[in-house]
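# Fold and contact review
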Amino acid sequence: MQGNRILLIVAGGIAAYKSLELIRRLRERGAAVRCVLTRAGAEFVTPLALASLSGDKVFSDLFSLTDEAEMGHIRLSREADLVVVAPATADLIAKMAHGLADDLASTALLATDKPVLIAPAMNPEMWQHPATQRNLAQLAADGVRQVGPAPGEMACGETGLGRLAEPDEIVAAIAALLAPVARPLAGVRALVTSGPTVEAIDPVRFIANRSSGKQGHAIAAALAGAGAEVTLVSGPVHEPDPAGVRVVRVESAVAMLAACQAALPVEVAVCAAAVADWRVAEPLTQKLKKRAGGAAPTLALAENPDILKTLARRGPGRPELVIGFAAETEDLEGNARRKLAAKGCDWILANDVSREQATFGGVYNTVKLVRADAELEAWPRLSKAEVAARLVVRIAAHLRAATVAAA
Ligand code: CTP
């Protein structure tokens, strides 16, 4: 981002405080950031905070004589490589969709000839409202890009979709827009498994696990971003579908295996799902009833198919590169190498799931890449999006080397 100029519009919402972190990260990467603060935005962050972090004057008033004399709103919106709205409120999104221009932010957005990225943040009901969804559809049709929102607990106490994307994610979206990446995986087919599996006990109860699907979904998104044709087979998760990816939703391990087999042939398979090792041998068709004084039921379990192993040990039609995960709390490398041999896959990303790492459901992951024919690579603690991006770089290099060797 060295030398790139970003016009950051900060609208009024409790998430506005995250724009401060966003500015810091953009400047660390060498971008110049100039801020426009709306009147409502100024209720949440101060012009002084934005000015200190961006190292530039903050613009807020459309009719300020000095602002207009020094920097007309037209120039302000043009002297940038990208306009980013974070947080983008329902109100500003509505103004953008209708071409209103009654303050500096909306006027700059109407006057700009540069790409625009919005990072929406609002209450889940406001997000779901048909009016907001109509406005977003209009903006998408107008070529406005979007990052987030994320699901989770809101400042207002409600839970749902509407949280501002994390600064890391917004930075990744900005980087992608500023430097459209080469598409090193164009023409490559990829299969990714993600999320937990859910194994039925009876029509209302099930056995599942804490996998959030964040890492698997990030890998699918990164593969698609690099040009691959991606099928994502996912257990039930709260993650939004990654853009440009074919998503197949399943519940059980048996259904996940069937969906994976139906997605073949592929060149790359990445098994990131936390597949239940066992399922209930005979799920009940009627709800299991509690009988007064009766003994607790015993569940007979049957082993689930190992999807990674099945794909890796496939004869004809085996993906060229099969990658698995190993969740470990100790001896990461030893356990990962044993798993590599036992499953017959090519690479394993061994992740440390000891409690203090908060990997499950978290934004970060600490992994080691273990390859049958290469030195171990210990990666620093990275966001799951960055882990995905690094993995995709390695996958592209591997496939390129394999093509050269075959030629
Ligand atoms: N996996 C799979 N199908 C299964 C079980 C696991 O595809 N039925 C895949 C996972 O997606 C992951 C890897 O295998 O890529 C993990 O292997 P697993 O043997 O389950 O290891 P851990 O989860 O690390 O657990 P354990 O150490 O108990 O073996």
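Structure shown above.
In what follows, the accompanying structure is described.

### What about the sheet that holds strand β3 (residues 58-59)?
Across the sheet, six strands lie side by side as β3-β2-β1-β4-β5-β6; this open sheet has parallel pairing. Strands with a single pairing partner mark the edges of an open sheet, and in this sheet they are β3 and β6 (145-146). Relative to β3, strand β2 (residues 32-37) runs parallel, the two sharing two bridges. The residue of β3 that forms the bridge with V36 is F59. The strands touched by helix α2 (residues 47-54) are β1 (5-10), β2 and β3; relative to β2, the strand with the most contacts, the crossing angle is about 170 degrees.

### A closer look at the pairing of strand β7 (residues 150-153)
Looking at chain direction, β7 and strand β8 (residues 159-163) are connected through four bridges and run antiparallel. Among the inter-strand pairings, G152 is bridged to a residue of β8, identified as G160. Counting the residues in the hairpin turn of β7 and β8 gives five residues, including G157, whose phi is positive at 95 degrees.

### Here's the deal with the sheet that holds strand β13 (residues 246-249)
Taken in spatial order, the eight strands line up as β13-β12-β9-β14-β17-β18-β20-β21 in an open sheet, and their pairing is mixed. Every interior strand has two partners, whereas the edge strands, β13 and β21 (374-378), have only one. Shown here is a sheet whose adjacent strand axes are inclined to one another by a mean of 15 degrees, direction ignored. Where strand β17 (residues 321-328) lies against strand β18 (residues 347-352), six bridges are found, and the strand directions are parallel.

### Brief notes about the site of the ligand
Lining the immediate surroundings of the ligand are 15 residues, of which C271, V275, I307, L308 and G324 lie closest. When contributions to the shell around the ligand are tallied by element, the ones reaching two or more residues are α12 (307-312) and β17. In terms of residue count, β17 provides more of the shell around the ligand than any other element does, four residues in total. When the residues that make up the shell around the ligand are grouped by side-chain class, the tally is 10 nonpolar, three polar and two charged.

### Side note on the pairing of strand β20 (residues 367-371)
Consecutive side chains of a regular strand alternate in pointing toward one face of the sheet and then the other. Bridge count for β18 against β20 is five bridges, and the pairing is antiparallel. Within β20, the position partnered with W347 by the bridge is R371. The pairing of β20 with β21 spans three bridges and is antiparallel. Along β21, the bridge assignment pairs R371 with A374. Hairpin connection of β20 to β21: two residues between the antiparallel strands.

### Thoughts on the environment of E153
As for its position among the elements, E153 is in strand β7. Taking the C-alpha atoms as reference points, E153 and P124, separated by 29 residues in sequence, lie 9.6 Å from one another.

### Topic: the packing of helix α5 (residues 90-98) against helix α6 (residues 104-111)
The N-to-C vectors of α5 and α6 enclose an angle of 40 degrees; their axes lie 10 Å apart at closest approach. With respect to their mutual orientation, α5 and α6 come out oblique. With respect to the hand of their crossing, α5 and α6 are arranged in right-handed fashion. Residues L92, K95 and M96 of α5 lie in contact with α6, whose contacting residues are A105, S106 and L109. Residues belonging to the contact of α5 with α6 are distributed by class as follows: four nonpolar, one polar and one charged.

Thresholds applied
Residues numbered from 1 in each chain as written. Predicted model: local features only at pLDDT ≥ 70, side-chain atom pairs only at ≥ 80, totals over all residues. Pairing = 2+ DSSP bridges. Helix = DSSP H or I, 4+ residues; strand = E, 2+ residues; numbered from the N terminus. Contact = placed C-beta atoms within 7 Å. Axes fitted to C-alpha atoms, helices over the stretch in contact; angles between N-to-C directions. Near = placed C-beta within 6 Å. Nonpolar A, V, L, I, M, F, W, Y, C, P; charged D, E, K, R; others polar. Parallel < 35°, antiparallel > 145°, perpendicular 65-115°, else oblique. Left-handed = near helix turned anticlockwise from the far one by under 90°.

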